[in-house]
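# Notes for the structure review
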Amino acid sequence: FMMHELCTELSKITMPVICNEPLSFLQRLTEYMEHTYLIQKASTSQDSIHRMKCVAAFAVSAVASQWERTGKPFNPLLGETYELLREDLGFRWVSEQVSHHPPVSAFHVEGIKSDFMFHGSIYPKLKFWGKSVEAEPRGIITLELPLHNEAYTWTNPTCCVHNIIMGQLWIEQYGNVEIINHKTGERCCLTFKPCGIFGKELHKVEGYILDKSKKKICALYGKWTECLYSVDPATFDAYRKSDTKRSEKDRKGSTQSNSADEDPDEMPPPEAETVQVIPGSALIWRISPRPDNSGKYYAFTSFALQLNELNAEMERVLPQTDCRLRPDIRALENGDIDAASAEKNRLEEKQRTARKNRSKSDEEWKIRWFHQGPNPYTGAPDWLYTGGYWDRNYSHLPDIY
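Values in this document were obtained by computation on a predicted structure and should not be read as measured data.

## Regarding the overall build of the protein chain
- Within the protein chain one finds ten helices and 18 strands.
- Residue burial in the protein chain is summarised as follows: out of 401 residues, 48% are buried.
- Just so you have it, the protein chain exposes about 20,100 Å², and 54% of that area is on carbon and sulfur atoms.

In structure tokens, the structure reads:
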């Protein structure tokens, strides 16, 4: 219970702006869509197992941009929104911060050719473990493929940032992700592996696609930072068996010092080899390389670098609640730390005052673009898109900045 109290208190601490990256969490969520082509590939496929491979690769690729992203995104203000219209990639996205305590971000994406719908809500539950912070992203993610009358649901893995007090920050993701095809009963069970003592398992992800009678149809393996392959399950199991024997032999033959045992917070050494490709495997997804100057810009991908772009044409149509108009994020992007810090404090104070005034007058906060309801496929509580955002009628929106 005390640990829970501590977590609650720590999550309320205002972090200095120097720890942030110049994006809101709503913008960061949009990075799920960097590899949208995998959804489109699934939509055009006539085979449900092939569709599941593409959806699994999309679920893995959706968290790939977290790699080395140690800057904290800005907490969205209640009522903050973000839209992204990418005709070149074939989708339009809208998201809204629908709750402040607990912080919940809801999003809804549609394919421009009506070939898919992707929606969900994320409530990042933070836990502090001394030197590391763990974010468990609660909330269901749903992908609908109308051409096949199919819906898939899953939840994301847990993300952990190590060495938050001192030392080199590094990120790992771990946990089980189960993707269910609600029409066929097929499922994909993936394990994002924790890095292990000598860092051998770092970033690894593997699992199986099972038919509705739970028979293994296909094995998937790779790294969430890099790629995903599919292979016949018997071949995969045989390879894993021989690999386990090999590493046991290595362990007996090596006199490793215990230092790694004592401190799993140390960053594992980069592996000389990347994913070992099992003969007979097929590549489903490979990450796009980051731009050369990524290291200087918060380890952003090319996709992330464009998220806060604002031109005159956009300014004419955007609602006043869009993240791009948020002054603290803009100031940090322009390198003005003092202004960013002052603006961040002003906005948080403004939000607190507005909340106090509402509680005095019994005025209800109005959520604009989403409503609470059961997920249509799992029945679990969810946030669903109400509609109307793209009609561009933004009168009656709150003044949050």
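## Digging into the confidence of the model for the protein chain
- Overall, the prediction assigns the protein chain a mean pLDDT of 89, with 89% of residues at 70 or greater.
- Note that residues 1–10 has pLDDT below 50 and, in this model, seven contacts with residues that lie over four places away or in other chains.

## Observations concerning the pattern of salt bridges
- If you walk through the whole model with that rule in mind, you get 22 salt bridges.
- Note that Glu 333 and Arg 330 form a salt bridge whose closest N and O atoms lie 3.1 Å from each other. Taken together, the residues Glu 333 and Arg 330, both in helix α9 (residues 327–333) and three residues apart, mark about one turn of the helix.
- Salt-bridge contacts for Glu 348 lead to Lys 344; the nearest nitrogen and oxygen are separated by 3.5 Å. Of this pair, Glu 348 and Lys 344 both sit in helix α10 (residues 337–361), four residues apart, which is roughly one turn of that helix.
- Judged by its relative accessible area of 19%, Glu 348 falls in the buried class.
- On the basis of relative accessible area, Lys 344 is assigned to the buried category, the value being 8%.
- Each of the salt bridges in this network shares a partner with another, and the network as a whole consists of Lys 193, Glu 201, Lys 204, Glu 206 and Arg 240.

## Remarks on the pairing of strand β5 (residues 104–111)
- When you tally the buried positions in β5, you get eight out of eight residues, the bulk of the element.
- Residues Val 104, Ala 106, His 108 and Glu 110 point to one face of β5 and Ser 105, Phe 107, Val 109 and Gly 111 to the other, with burial holding for every one of them.
- Across eight bridges, strand β4 (residues 91–99) lies against β5 in antiparallel orientation. Bridged to Ser 95 within β5 is Phe 107.
- Bridge analysis of β5 against strand β6 (residues 117–129) gives six bridges, and the strand direction is antiparallel.

## What about unusual backbone geometry?
- The omega torsion across His 101 and Pro 102 is -5°, close enough to zero to call that bond cis.
- Summarising the element assignment, Pro 102 is placed in the loop between β4 and β5.
- Positive phi values are uncommon outside glycine, yet Asn 149 reaches one of about 55°.
- Within the element layout of this structure, Asn 149 appears in the loop between β8 (141–145) and β9 (150–154).
- Positioned with a positive phi, Lys 214 is a non-glycine residue whose angle comes to about 70°.
- Relative to the helices and strands, Lys 214 resides in the loop between β13 (204–210) and β14 (216–223).

## Regarding helix α4 (residues 48–61)
- Between its first and last C-alpha, α4 extends 20 Å over 14 residues, near the 20 Å set by a 1.5 Å rise per residue.
- When you tally the buried positions in α4, you get 13 out of 14 residues, the bulk of the element.

## Considering the packing of aromatic side chains
- What the rule picks out here adds up to 16 aromatic pairs.
- Where Tyr 32 meets Phe 118, the ring centres are 6.2 Å apart and the plane angle is 65°; that geometry is what we call edge-to-face. On the criterion of sequence distance, the pair formed by Tyr 32 in the loop between α2 (25–29) and α3 (37–44) and Phe 118 in strand β6 is long-range, its members being 86 residues apart. One exposure class covers both Tyr 32 and Phe 118, and it is buried.
- Between Phe 370 and Tyr 385, the aromatic rings sit 5.7 Å apart at their centres with planes inclined by 55°, giving tilted as the arrangement. Of the two residues, Phe 370 sits in strand β17 (residues 370–374) while Tyr 385 sits in strand β18 (residues 381–385), which places them 15 residues apart along the sequence.
- A relative accessible area of 3% places Phe 370 in the buried class.
- Positioned above the aromatic ring of Trp 365, the side-chain terminus of Arg 368 is 5.7 Å from the ring centre.

## What about a nonpolar patch on the surface?
- On the surface, a nonpolar cluster with roughly 400 Å² of combined accessible area is contributed by Ile 164, Ile 165, Met 166 and Leu 169.
- Within the secondary structure, Ile 164 sits in the loop between β10 (158–162) and β11 (170–181).

## Quick notes on the nonpolar core
- If you look at the biggest cluster of nonpolar residues, it comprises 58 residues, and the most contacted ones within it are Met 33, Phe 118, Trp 154 and Ile 179.
- Considering each element in turn, this core owes the most residues, nine residues, to α4.
- In this view, Phe 118 contacts Tyr 32, Met 33, Phe 58, Phe 107, His 108, Val 109, Ile 141, Thr 142, Leu 143 and Trp 154; residues no more than four positions away in its chain are not counted.
- One finds Val 98, Trp 369, Tyr 385 and Trp 390 within the second-largest nonpolar core, a separate group that totals twelve residues.

## Some details on the packing of α3 against α4
- Where α3 contacts α4, the axes come no closer than 8 Å and their chain directions differ by 170°. Taken as axis vectors, α3 and α4 run roughly antiparallel relative to one another. Here Leu 38, Ile 39, Lys 41 and Ala 42 of α3 come into contact with α4, specifically with Arg 51, Cys 54, Val 55, Ala 57, Phe 58 and Ser 61.

Cut-offs and rules
Residues numbered from 1 in each chain as written. Predicted model: local features only at pLDDT ≥ 70, side-chain atom pairs only at ≥ 80, totals over all residues. Heavy atoms only, no water. Helix = DSSP H or I, 4+ residues; strand = E, 2+ residues; numbered from the N terminus. Buried < 20%, exposed > 50% of the residue type's maximum accessible area, 1.4 Å probe, protein only. Areas by Shrake-Rupley, 256 points an atom, 1.4 Å probe, with all protein chains shown as cover. pLDDT = per-residue confidence, 0-100. Contact = heavy atoms within 4.5 Å. Salt bridge = Lys/Arg side-chain N within 4 Å of Asp/Glu carboxyl O. Pairing = 2+ DSSP bridges. Expected span 1.5 Å × (residues − 1). Phe/Tyr/Trp six-rings, centres within 6.5 Å; stacked < 30°, edge-to-face > 60°. Lys NZ or Arg CZ within 6 Å of the ring centre and 35° of its normal. Patch = residues over 30% accessible without salt bridge, like charges linked within 9 Å, V, L, I, M, F, W, Y side chains within 5 Å. Core = buried A, V, L, I, M, F, W, Y, C linked by side-chain atoms within 4.5 Å. Axes fitted to C-alpha atoms, helices over the stretch in contact; angles between N-to-C directions. Parallel < 35°, antiparallel > 145°, perpendicular 65-115°, else oblique.

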